[in-house]
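# Structural overview for review
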Amino acid sequence: MTAPRQYQWQDEVLAGPGGAMTDEVGVITGELTLRTTGGPDGKVRFEVQYTDADEWYTLTGSPVAHGDPRGLHAAALRAIRAGGGAEAPAAPA
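Source: prediction; values computed, not measured.

## Observations regarding the overall build of the protein chain
Looking only at helices and strands, one finds one helix and six strands in the protein chain. Reading the protein chain from its N terminus to its C terminus gives the helix and strand order β-β-β-β-β-β-α. Expected size for 93 residues packed as a compact globule is a radius of gyration near 12 Å; at 13 Å, the protein chain falls within 12% of this value. For the C-alpha atoms alone, the extent of the protein chain along its principal axes is close to 45 × 30 × 20 Å. Of the side chains in the protein chain, 7 bear a positive and 12 a negative charge, and the two mean positions are spaced by 10 Å.

## Brief notes about the side chain of threonine 33
Following the sequence through the fold, threonine 33 ends up in strand S4 (residues 31–38). Here the side chain of threonine 33 touches threonine 51 through a polar contact of 3.1 Å, side chain to side chain. In this structure threonine 33 touches Gln10, Asp11, Glu12, Glu47, Val48, Gln49, Thr51 and Trp56, once residues within four positions along its chain are discounted.

## Some words on the packing of aromatic side chains
Going through the model one piece at a time under the given rule, you end up with one aromatic pair. With a centroid separation of 6.3 Å and 15° between ring planes, the pair formed by tyrosine 7 and tryptophan 9 is classed as stacked. Overall, the relative accessible area of 39% leaves tyrosine 7 in the partly exposed class. Residue tryptophan 9 is classed as buried on the basis of its relative accessible area, which comes to 19%.

## Comments concerning unusual backbone geometry
Residue proline 63 follows serine 62 across a cis peptide bond; omega there is 0°. The topology assignment puts proline 63 in the loop between strand S6 (57–58) and helix H1 (69–82). Despite not being glycine, aspartate 52 shows a phi value in the positive range, around 75°. Mapped onto the fold, aspartate 52 is located in the loop between strand S5 (44–50) and S6. Take aspartate 52: its relative accessible area is 73%, and that puts it in the exposed class.

## Quick notes on the sheet that holds strand S1 (residues 7–14)
Read across the open sheet, the four strands follow the order S1-S4-S5-S6; overall the sheet is antiparallel. The open sheet terminates on both sides in strands that have one partner only, identified here as S1 and S6. Note: S1 against S4, eight bridges, orientation antiparallel. Along S4, the bridge assignment pairs glutamine 8 with threonine 37. The sheet strands contacting H1 are S1, S4 and S5, and the helix crosses S1 at an angle near 15°.

Parameters at a glance
Residues numbered from 1 in each chain as written. Predicted model: local features only at pLDDT ≥ 70, side-chain atom pairs only at ≥ 80, totals over all residues. Heavy atoms only, no water. Helix = DSSP H or I, 4+ residues; strand = E, 2+ residues; numbered from the N terminus. Rg over C-alpha atoms; globule rule 2.2 N^0.38 Å. Lys, Arg positive; Asp, Glu negative; His and termini not counted. Charge placed at Lys NZ, Arg CZ, Asp CG, Glu CD. Polar contact = N/O pair within 3.5 Å; in protein donor to acceptor, adjacent residues only side chain to side chain. Contact = heavy atoms within 4.5 Å. Phe/Tyr/Trp six-rings, centres within 6.5 Å; stacked < 30°, edge-to-face > 60°. Buried < 20%, exposed > 50% of the residue type's maximum accessible area, 1.4 Å probe, protein only. Pairing = 2+ DSSP bridges. Axes fitted to C-alpha atoms, helices over the stretch in contact; angles between N-to-C directions.

Right under this line is the structure:
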């Protein structure tokens, strides 16, 4: 029996003014890496880190209950580039 499939996307992104909001440490800025994971439970999770750091932080608003993980990853990248304390994008209703 095979395990349920999990999907993951990861990209580097330069945060815009005001950075990205995390649950653990508040706003982080600068050169970041966004990792988006779509799991077998249907939830889409977003984590960010300072590029090349060891620690990952939960992007505020994560996980999202459902949605297209690839499309949500692109939306999260856009939000982080815009800055303003970017949070996880909401899945379409």
